[in-house]
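This is what each chain is made of:
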Amino acid sequence: MSAPVTVRVQREDFDLNGEVAKLSAGRADIGAVVTFSGLCRDEAGTLAALELEHYPGMAEAEIERICREAAERFSLQAATAIHRYGKIRPGENIVLVVTASRHRQAAFDGANFIMDFLKTSAPFWKKEHLGDGTSGGWVSAKDADDTARERWSTK
């Protein structure tokens, strides 16, 4: 039986504690839950908002594929991934990954794997809106994200 996977791409905020409660409700087989919540930074006070766009349908399908691969690879009991889109202000939530497993290391590895692939494979685009009212432009992909993803190819 495959692990339940929940994937949502949504404009509205999410509730971390509520998502953990949903994932683990009635599950006596879970020994560890790991959460990762990504927040919008203010980039040293220069950023007013980060605008995220996505390719509807394709983004959800890719995130689900990533989560299912993580669930199989790390024997996860369950996984949830929620990614927001729209204008997000500094301090607000952007992404949530929750993984559950029998043991902690698998939950940690699963969450790291999901985030490393989500950052590089899911079709999202980020545009900066600066505090002075100008546009900072579209954010380029980072080599460090590719490097983080590549570490999984040897494991």
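Structure: above.
In this text the structure is predicted, and so the values were computed from the model without any measurement.

Caption draft 1: Geometry of the pattern of salt bridges. If you walk through the whole model with that rule in mind, you get eleven salt bridges. The salt bridge involving Glu62 is made with Arg65; its shortest N-O contact spans 2.7 Å. Taken together, the residues Glu62 and Arg65, both in helix H2 (residues 58-73) and three residues apart, mark about one turn of the helix. One network of salt bridges, in which partners are shared, links Arg8, Glu19 and Lys22.

Caption draft 2: Local environment of the pairing of strand E6 (residues 93-101). Of all nine residues that make up E6, nine are buried, and the element is covered over most of its length. Where strand E2 (residues 32-39) lies against E6, eight bridges are found, and the strand directions are antiparallel. Within E6, the position partnered with Ser37 by the bridge is Leu96. Pairing analysis gives six bridges linking strand E4 (residues 78-84) to E6, with the strands arranged antiparallel. Each bridged residue has a counterpart across the sheet, and for Thr80 the counterpart in E6 is Val98.

Caption draft 3: Molecular detail of a nonpolar patch on the surface. There is a patch of nonpolar side chains on the surface, built from Tyr55, Met58, Trp125 and Trp138 and spanning about 470 Å² of accessible area. For Tyr55, the location among the structural elements is in the loop between strand E3 (47-54) and H2. Residue classification places Tyr55 among the partly exposed positions, given a relative accessible area of 44%.

Caption draft 4: How the structure looks around the nonpolar core. Counting residues in hydrophobic clusters, the biggest one holds 34 residues, and the most contacted among them are Ile63, Phe74, Ile94, Phe113 and Ile114. Where this core is concerned, the elements lending two or more residues are strand E1 (5-10), E2, E3, H2, E4, E6 and helix H3 (104-121). At eight residues, the largest contribution of residues to this core is made by H3. Residues in contact with Phe113, not counting those within four places in the same chain, are Ile66, Glu69, Ala70, Arg73, Phe74 and Trp152. Residues Phe14, Leu23, Ile30 and Ala78 belong to the second largest nonpolar core, which totals nine residues.

Rules and cut-offs
- Residues numbered from 1 in each chain as written.
- Predicted model: local features only at pLDDT ≥ 70, side-chain atom pairs only at ≥ 80, totals over all residues.
- Heavy atoms only, no water.
- Salt bridge = Lys/Arg side-chain N within 4 Å of Asp/Glu carboxyl O.
- Helix = DSSP H or I, 4+ residues; strand = E, 2+ residues; numbered from the N terminus.
- Buried < 20%, exposed > 50% of the residue type's maximum accessible area, 1.4 Å probe, protein only.
- Pairing = 2+ DSSP bridges.
- Patch = residues over 30% accessible without salt bridge, like charges linked within 9 Å, V, L, I, M, F, W, Y side chains within 5 Å.
- Areas by Shrake-Rupley, 256 points an atom, 1.4 Å probe, with all protein chains shown as cover.
- Core = buried A, V, L, I, M, F, W, Y, C linked by side-chain atoms within 4.5 Å.
- Contact = heavy atoms within 4.5 Å.

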